[in-house]
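What follows is each chain in one-letter form.
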Amino acid sequence: MKIDLKDQVAIVTGGVSGIGAAIALSLARCGAHIVIIDRKAVEASAALMKLITEAGSKALYIRTEIADFPAVDKAVLSAVEHFGRVDILINNAGINRDGVIWKMTEEQWDEVIQVNLKGYFNFTRAVSPMFREQKSGKIVNITSINGLRGKFGQANYSAAKAGIIGLTKSVAKELGKYNVNVNAIAPGLIETDMMKTADPVVRSAAMEEIVLKRLGQPEDIANLTVFLCSVQGRHITGEVIKVDGGQYI
Ligand code: NAI
């Protein structure tokens, strides 16, 4: 099966590192042009931009804070001005600010909800009129198995990730008749920078749970993302698919 996304235009949030970078590169290798969104300075995107160009695709970096509604609107407009259209949205950028509920500050709660949930709304809201109009589009939201099962010390993160599942299913219902597929991927523990900051105890507890006994790689998430964006995945919408090596069965 060959996945062909030739000349489609994909926005990938949090595209500079980890899962987002792997998704951006995989989409580019299938022929898509990539708009990388991240809040890091442009220099951080240089290596990835080079790889995308070497794959024969075009890349545009737009430094954006995803929690900022007007900034997101502007970023989507810039993407359309540059490439003429947008076909794919990958909502991926996320953070964690962990703490048990009796110690969690209002700032920790608000920051995670603003980025991990409102940031996804902001981009979905910004592309929806266009997807509706052009009668096509793919949205993939990166959630987490902790949005399905909850996690000790992550009430804010798990609440935001569960919220993404509600967002995914609602928008799938709203945009389905316009030929727009909206799905969520729920990764288990994946080897990225985010995970490197995790407590080693948390990491070894996760390894205990993973039935395949190996850590997930960003490419494991990218492979499914590419499929969901392809014509081969056209009859899948409103789904939440775990990619976790059996961590949460
Ligand atoms: P990462 O920390 O390696 O990369 C996240 C990227 O998003 C960074 O480049 C960062 O600058 C960007 N970003 C963060 N907040 C932003 C904001 N407000 N505005 C713009 N850009 C922002 O993280 P990783 O591990 O690649 O995670 C990606 C997604 O996958 C996140 O939504 C995360 O919650 C989810 N996930 C990750 C898992 C893991 O084990 N790594 C497990 C389950 C879900």
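In what follows, the structure referred to is the one given above.
So, here is what we can say about the structure in this document. (Residues numbered from 1 in each chain as written. Predicted model: local features only at pLDDT ≥ 70, side-chain atom pairs only at ≥ 80, totals over all residues. Heavy atoms only, no water.)

### What to know about the state of the cysteines
Counted under the stated rule, the structure contains zero disulfides. In this model Cys30 remains outside any disulfide bridge; the closest cysteine sulfur is found in Cys229, 9.3 Å from its own. Using a relative accessible area of 18% as the deciding quantity, one classes Cys30 as buried. Classification of Cys229 as buried rests on a relative accessible area of 2%. (Disulfide = S-S within 2.5 Å. Buried < 20%, exposed > 50% of the residue type's maximum accessible area, 1.4 Å probe, protein only.)

### Comments concerning the site of the ligand
Around the ligand sit 28 residues in total, of which Asp38, Glu65, Asn92, Tyr157 and Thr192 are the nearest. At 3.2 Å from a nitrogen atom of the ligand is found a side-chain nitrogen or oxygen belonging to Arg39. Within the side chain of Thr192, one N or O atom sits 2.4 Å away from an oxygen atom of the ligand. Calculation on the ligand without its partners gives an accessible area of 830 Å², and the protein chains cover 94% of this total. Of the residues belonging to the shell around the ligand, the class tally is twelve nonpolar, ten polar and six charged. (Near = heavy atom within 4 Å. Polar contact = N/O pair within 3.5 Å; in protein donor to acceptor, adjacent residues only side chain to side chain. Areas by Shrake-Rupley, 256 points an atom, 1.4 Å probe, with all protein chains shown as cover. Nonpolar A, V, L, I, M, F, W, Y, C, P; charged D, E, K, R; others polar.)

### As for helix 9 (residues 218-229)
With twelve residues, helix 9 extends 17 Å from end C-alpha to end C-alpha; this agrees with the ideal 16 Å at 1.5 Å per step. Among the residues making up helix 9, those that are buried are Pro218, Ile221, Ala222, Leu224, Thr225, Val226, Leu228 and Cys229. Buried-residue contacts for helix 9 involve helix 1 (18-29), strand 4 (88-91), strand 5 (137-142), strand 6 (180-187) and strand 7 (240-243). (Helix = DSSP H or I, 4+ residues; strand = E, 2+ residues; numbered from the N terminus. Expected span 1.5 Å × (residues − 1). Contact = heavy atoms within 4.5 Å.)

### Focus on unusual backbone geometry
A positive phi angle, close to 65°, is found at Asp7, a residue other than glycine. We note that Lys135 has phi near 55°; this positive angle belongs to a residue other than glycine. With respect to the secondary-structure elements, Lys135 resides in the loop between helix 4 (106-134) and strand 5.

### Topic: the sheet that holds strand 3 (residues 59-63)
What links the strands of a sheet is backbone hydrogen bonding, and the strands pair in either a parallel or an antiparallel sense. On the basis of which strands lie adjacent, the open sheet formed by seven strands has the order 3-2-1-4-5-6-7 and parallel pairing. Strands at the two margins of the open sheet, each flanked by one partner only, are strand 3 and strand 7. Going across the sheet, the axis of each strand differs from the next one's by a mean of 20°, ignoring polarity. Where strand 2 (residues 33-38) meets strand 3, five bridges bridge the pair, whose relative direction is parallel. Looking across to strand 3, one finds that Asp38 is bridged to Arg63. Sheet strands in contact with helix 1 are strand 1 (9-13), strand 2, strand 4 and strand 5, and its direction is about 170° off that of strand 1. (Pairing = 2+ DSSP bridges. Axes fitted to C-alpha atoms, helices over the stretch in contact; angles between N-to-C directions.)

### Topic: the packing of helix 3 (residues 69-83) against helix 4
At a minimum axis distance of 9 Å, the contact between helix 3 and helix 4 shows a crossing angle of 40°. What the angle tells us is that helix 3 and helix 4 run oblique. Helix-helix and strand crossings are classified by hand; for helix 3 and helix 4 the assignment is right-handed. Judged by residue contacts, Phe69, Val72, Asp73, Val76 and Val80 of helix 3 engage Lys118, Phe121, Asn122, Phe123, Arg125, Ala126, Val127 and Met130 from helix 4. Split into classes, the residues belonging to the contact of helix 3 with helix 4 amount to nine nonpolar, one polar and three charged. (Parallel < 35°, antiparallel > 145°, perpendicular 65-115°, else oblique. Left-handed = near helix turned anticlockwise from the far one by under 90°.)

### A few points about the nonpolar core
Core analysis: the largest hydrophobic core is formed by 71 residues, its most contacted members being Ile11, Ile23, Leu27, Ile34 and Val35. For this core, the element with the most residues is helix 4, which contributes nine residues. Those residues in contact with Ile11 that sit more than four places away from it in its chain are Val35, Ile37, Val76, Ala79, Val86, Ile88, Leu89, Ile90, Phe123 and Val127. Of all hydrophobic cores here, the second largest spans five residues; its members include Leu189, Met195, Ala206 and Ile210. (Core = buried A, V, L, I, M, F, W, Y, C linked by side-chain atoms within 4.5 Å.)

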